[in-house]
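Observations on the three-dimensional arrangement
Listed below, chain by chain, are the residues.
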Amino acid sequence: MKVFPSLVAISLSLAGAAPVAAKPEDAIGRWATATRHGVVEITACGSSICGRLVDSENLRTNPDMRDFRNKAAEQRNRPIKGLLMLSGFTRSANGWDGGSVYNPEDGGTYSGTITIGDADTLKLKGCIVWPLCKSQVWKRIR
């Protein structure tokens, strides 16, 4: 069997090729959260990113739902729909660090990181203080 040297070289180079690294901007888009069938839209906010809640199980049941669990009493009447949940992040090599994650389910704000898994997956981690953290994997909505 005759093998063409150029085909062998191409095959070897493809086999050894590293996967393309995800870029921080890959976080931009709509994401399905791991709980309550939530949808968070992540957009560019200056040199950072921010994320707003655009849909969830609870919003489909009560579109006028308010942020009644917020720890700050003066914010408990603000609408959940469109609520800023992700803010203040700094770009890192594989995602975003040093941001804030607001959880309307418990009214808490946590320090957060977002790591890009691939074009359709990101990992969101929120911490009260390290190592008291929780992580979720979100999937891109196409």
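Residues numbered from 1 in each chain as written. Predicted model: local features only at pLDDT ≥ 70, side-chain atom pairs only at ≥ 80, totals over all residues. Heavy atoms only, no water.

1. Focus: the confidence of the model for the protein chain
Chain-level statistics for the protein chain give a pLDDT mean of 86 and a share of 85% at 70 or above. Note that pLDDT drops below 50 for residues 1–19; the model gives that stretch one contact with residues more than four away or on any other chain. (pLDDT = per-residue confidence, 0-100. Contact = heavy atoms within 4.5 Å.)

2. Quick look at the pattern of salt bridges
Think of it this way: side chains of opposite charge can pair up when their charged atoms draw near. According to the stated counting rule, one finds nine salt bridges in the structure shown. As a salt-bridge pair, arginine 60 and aspartate 55 come within 2.8 Å of each other at their nearest N and O atoms. Through salt bridges that share partners, Asp120, Arg140 and Arg142 make up one connected network. (Salt bridge = Lys/Arg side-chain N within 4 Å of Asp/Glu carboxyl O.)

3. Let's talk about the layout of surface pockets
Estimates place the volume of the largest pocket at around 740 Å³. Along its surface, the largest pocket is lined by 33 residues, and Thr35, Asn103, Pro104, Glu105 and Gln136 are the ones closest to its centre. Elements that contribute at least two residues to the lining of the largest pocket include exactly strand S4 (84–87), strand S6 (95–103), strand S8 (121–129) and strand S9 (132–140). Its residues assigned to classes, the lining of the largest pocket comprises 16 nonpolar, nine polar and eight charged. (1 Å grid on protein atoms, 1.4 Å probe; cavity = no way out; pocket = protein on both sides within 12 Å on 5 of 7 lines; lining within 4 Å. Points joined across faces, edges and corners; volume = space filled by probe spheres on them. Helix = DSSP H or I, 4+ residues; strand = E, 2+ residues; numbered from the N terminus. Nonpolar A, V, L, I, M, F, W, Y, C, P; charged D, E, K, R; others polar.)

4. Structural notes on the nonpolar core
Note on soluble globular proteins: their nonpolar side chains tend to be buried together. The biggest cluster of nonpolar side chains holds 21 residues, and the ones touching the most others in it are Ile42, Leu86, Ile114, Leu122 and Trp138. Looking at this core, the elements with two or more residues in it are strand S2 (39–45), strand S3 (48–55), S4, S6, strand S7 (108–118) and S8. Take this core: its biggest share by element is three residues, from S6. Not counting residues up to four positions away in its chain, the partners in contact with tryptophan 138 are Trp31, Ala32, Thr33, Ala34, Val40, Ile42, Leu86, Asp120, Thr121, Leu122 and Leu124. (Core = buried A, V, L, I, M, F, W, Y, C linked by side-chain atoms within 4.5 Å. Buried < 20%, exposed > 50% of the residue type's maximum accessible area, 1.4 Å probe, protein only.)

5. Quick notes on the environment of alanine 44
Among the structural elements, alanine 44 can be located in strand S2. Alanine 44 sits 15 residues away from glycine 29 along the chain, and the two C-alpha atoms are 9.5 Å apart. Aside from chain neighbours lying at most four places away, what touches alanine 44 is Ile28 and Ile49.

6. Here's the deal with the environment of asparagine 77
Topologically, asparagine 77 is positioned in the loop between helix H2 (57–61) and S4. The exposure class of asparagine 77 is exposed, given its relative accessible area of 56%. For asparagine 77 and methionine 65, which are twelve residues apart along the polypeptide, the C-alpha to C-alpha distance reads 8.9 Å.

7. Concerning the state of the cysteines
Enumeration over the complete set of coordinates arrives at two disulfides. Linked covalently through their sulfurs, cysteine 45 and cysteine 50 form a disulfide whose S-S length is 1.8 Å. Overall, cysteine 50 belongs to the buried group, its relative accessible area being 9%. Between the sulfur atoms of cysteine 127 and its disulfide mate cysteine 133 the distance is 2.0 Å. The sign of the 105° torsion about the S-S bond sets the cysteine 127-cysteine 133 disulfide as right-handed. (Disulfide = S-S within 2.5 Å.)

8. A few points about the pairing of S7
As judged from the seven bridges shared by S6 and S7, these two strands associate in the antiparallel manner. Among the inter-strand pairings, serine 100 is bridged to a residue of S7, identified as serine 111. What sits between the antiparallel neighbours S6 and S7 is a turn of four residues, in which glycine 107 has the positive phi angle 75°. The sheet contact formed by S7 and S8 spans seven bridges and is antiparallel. Bridging across to S8, threonine 115 finds its partner in lysine 123. What sits between the antiparallel neighbours S7 and S8 is a turn of two residues. (Pairing = 2+ DSSP bridges.)

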